[in-house]
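Structural description and commentary
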Amino acid sequence: MATGFALQRGAANSKAARTSCSRQPHCPVAPIHSKGRVRLSAMAAAAASAPAEEATPKLWGGRFTGKVDPLMEKFNASLPLDRRMWAEDIRGSQAYAKALAKAGILTAEESETIVAGLDKVASEWAAGAFVVKPGDEDIHTANERRLTELVGSVGGKLHTGRSRNDQVATDTRLWLFAALTEVRSSLQELIAVATNRAEAEADVLMPGVQRVLHIACDMLAQPFQAAAATACLGQHV
């Protein structure tokens, strides 16, 4: 009984909300009258006739007719940070192109063209010759933009069924794997150096300090042993 009353009340509230909202010209559920259709047609025509340089070349800006504020451009750009992932992004994109071909979405020739084009993009990054352009928000759009310049419109097919969220997750995991391997190598070197110093300074005494006061003498080897032990723990985090 109470459930039925709640459902009836909810339906009534929903109907009242739609009725109230439909009276507002900006309401998303308001009916589009003939004048509204004329306005929408005029806006579409204006957007289509606008000069190409005024269009917003953004993956997320398809419905915008104006330019993005320069402050928003700076706030939204992550390329200065994620450009370090250029190699991982290209590896992921090459694997994705091959997967699209395997699924029958790309032809074998298209997939090979994309993979070869990405090899050229990688060569430019490796040589420090990659030219960043204002529309490059992040490493993903930068690589895809350059790929399309090199291989033509087939480069745009690389984004089929894909989102930048997928690329972010993939690139980050690939980059972290390589970075953590490098960090582990550095930790092993630190452990070796600290252990060797501890053995070499086994008989050396040093003043112990606690709360800015000198206390009993310590062995110089102890700080080195502590550093080695901490580094060992860090390897297993």
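Above this text you will find the structure in question.
Residues numbered from 1 in each chain as written. Predicted model: local features only at pLDDT ≥ 70, side-chain atom pairs only at ≥ 80, totals over all residues. Heavy atoms only, no water.

**Considering the nonpolar core**
The test is simple: In this description, a nonpolar core means a group of buried Ala, Val, Leu, Ile, Met, Phe, Trp, Tyr and Cys residues linked to one another through side-chain atoms lying within 4.5 Å. Think of it in three bands: with a 1.4 Å probe and only protein chains considered, a residue is buried below 20% of the maximum accessible area for its type, exposed above 50%, and partly exposed in between. In this description a helix means any DSSP run of H or I spanning at least four residues, a strand means any run of E spanning at least two, and both kinds are numbered starting from the N terminus.
One finds Ile-90, Ile-114, Leu-118, Trp-125 and Leu-158 to be the most contacted residues of the largest nonpolar core, which totals 17 residues. Within the residue set of this core, elements represented by two or more residues are helix H5 (86-102), helix H6 (108-127) and helix H7 (139-151). Looking at this core element by element, the count peaks at 6 residues for H6. Counting residues in hydrophobic clusters, the runner-up holds 5 residues, among them Leu-187, Ala-194, Ala-228 and Ala-231.

**Thoughts on the packing of H5 against H6**
Cut-off, in case you're wondering: Lines fitted to C-alpha atoms define the axes here, with helix axes fitted over just the stretch in contact, and angles between the N-to-C directions of these axes take values from 0 to 180 degrees. Comment on the angle field: the value is read as roughly parallel under 35 degrees, roughly antiparallel over 145, roughly perpendicular from 65 to 115, and oblique elsewhere. Note on contacts: a residue pair qualifies if any of its non-hydrogen atoms lie within 4.5 Å across the two residues.
Running from N to C, H5 and H6 point in directions that differ by 175°, and their axes come no closer than 9 Å. The orientation of H5 relative to H6 falls into the category roughly antiparallel. Contacts from Trp-86, Ile-90, Ser-93, Gln-94, Ala-97, Lys-98 and Ala-101 of H5 reach H6 at Ser-111, Ile-114, Val-115, Leu-118, Asp-119, Val-121, Ala-122, Trp-125 and Ala-126.

**A few points about the packing of aromatic side chains**
Each aromatic ring pair is specified by the distance between its two centres and by the angle formed by the two planes. For clarity, the threshold we go by: Aromatic rings from Phe, Tyr and Trp, taking only the six-membered ring of Trp, are treated as a pair when their centres fall within 6.5 Å; an angle between ring planes under 30 degrees marks them as stacked, one over 60 as edge-to-face, and anything in between as tilted.
By the definition in use, this model includes 2 aromatic pairs. When the ring of Trp-86 is compared with that of Trp-125, the centres are 6.3 Å apart and the planes differ by 10°; the resulting orientation is stacked. Linking Trp-86 in helix H5 with Trp-125 in helix H6, this pair joins segments that are 39 residues apart in sequence. Between Trp-125 and Phe-130, the ring centres sit 4.1 Å apart and the planes meet at 10°, which makes this aromatic pair stacked.

**Looking at the pattern of salt bridges**
Threshold: One speaks of a salt bridge when a side-chain nitrogen belonging to Lys or Arg is within 4 Å of a carboxyl oxygen belonging to Asp or Glu.
Summed over all chains, the structure comprises 9 salt bridges. Between Glu-149 and Lys-133 there is a salt bridge, with the nearest N and O atoms lying 3.0 Å from each other. In this pair, Glu-149 sits in helix H7 while Lys-133 sits in the loop between H6 and H7, placing the two residues 16 residues apart along the sequence. With a relative accessible area of 38%, Glu-149 lands in the partly exposed category. Taking the relative accessible area as the measure of exposure, Lys-133 reaches 39% and is therefore partly exposed. A salt bridge links Glu-137 to Arg-164; its shortest N-O distance comes to 2.9 Å. Taken as a pair, Glu-137 in the loop between H6 and H7 and Arg-164 in helix H8 (residues 164-200) lie far apart in primary sequence, 27 residues in all. Using a relative accessible area of 6% as the deciding quantity, one classes Glu-137 as buried.

**Brief notes about the pairing of strand E1 (residues 205-210)**
Where a strand is regular, its side chains alternate between the two sheet faces. Our working definition: Whether two strands pair comes down to DSSP finding at least two bridges between them.
For E1 and strand E2 (residues 213-219), the ladder comprises 6 bridges, and the chain directions are antiparallel. Across the sheet, the residue bridging to Gln-210 is Leu-213, located in E2. Hairpin remark: E1 followed by E2, antiparallel, with 2 residues in the connecting loop; positive phi at Arg-211, about 55°.

**Describing the side chain of Ser-93**
The topology assignment puts Ser-93 in helix H5. Leave out the neighbours within four places in its chain, and Ser-93 touches Leu-118, Leu-158, Arg-162 and Gln-167.

**As for the packing of H6 against H7**
The condition that has to hold: In this scheme the crossing of two helices becomes right-handed for a clockwise turn of the near helix relative to the far one and left-handed for an anticlockwise turn of less than a right angle. By the convention adopted, Pro, Cys, Tyr, Trp, Phe, Met, Ile, Leu, Val and Ala count as nonpolar, Lys, Arg, Asp and Glu as charged, and the other residues, Gly among them, as polar.
Viewed as axis vectors pointing N to C, H6 and H7 meet at an angle of 115°, and their least axial separation amounts to 9 Å. Judged by the sense of rotation from one axis to the other, the crossing of H6 with H7 is right-handed. For the pair H6 and H7, the contacting residues are Thr-113, Ile-114, Gly-117, Leu-118, Lys-120, Val-121, Glu-124 and Trp-125 in the first and Ile-139, Asn-143, Arg-146, Leu-147, Leu-150 and Val-151 in the second. Taken together, the residues of the contact of H6 with H7 sort by class into 8 nonpolar, 3 polar and 3 charged.

**Focus: H7**
For an α-helix, 3.6 residues make a turn, and residues three or four places apart therefore share a direction. Worth spelling out the cut-off: Multiplying 1.5 Å by the helix residue count minus one yields the expected span of that helix. Think of a polar contact as two N or O atoms within 3.5 Å of one another; within protein, one of them needs to be a possible hydrogen donor and the other a possible acceptor, and neighboring residues in sequence only count if both atoms come from side chains.
Here H7 contains 13 residues, and its C-alpha end-to-end distance of 18 Å stays within 8% of the 18 Å for a straight helix at 1.5 Å per residue. Of all the residues in H7, the buried ones are Ile-139, His-140, Thr-141, Ala-142, Asn-143, Glu-144, Arg-145, Arg-146 and Leu-147. If you follow the buried residues of H7, they end up packed against helix H4 (79-82), H5, H6 and H8. One side-chain oxygen at the N-terminal end of H7 lies 3.1 Å from the backbone nitrogen of His-140; it belongs to Asp-138. Phi turns positive one or two residues past the end of H7, at Gly-152, with a value near 90°.

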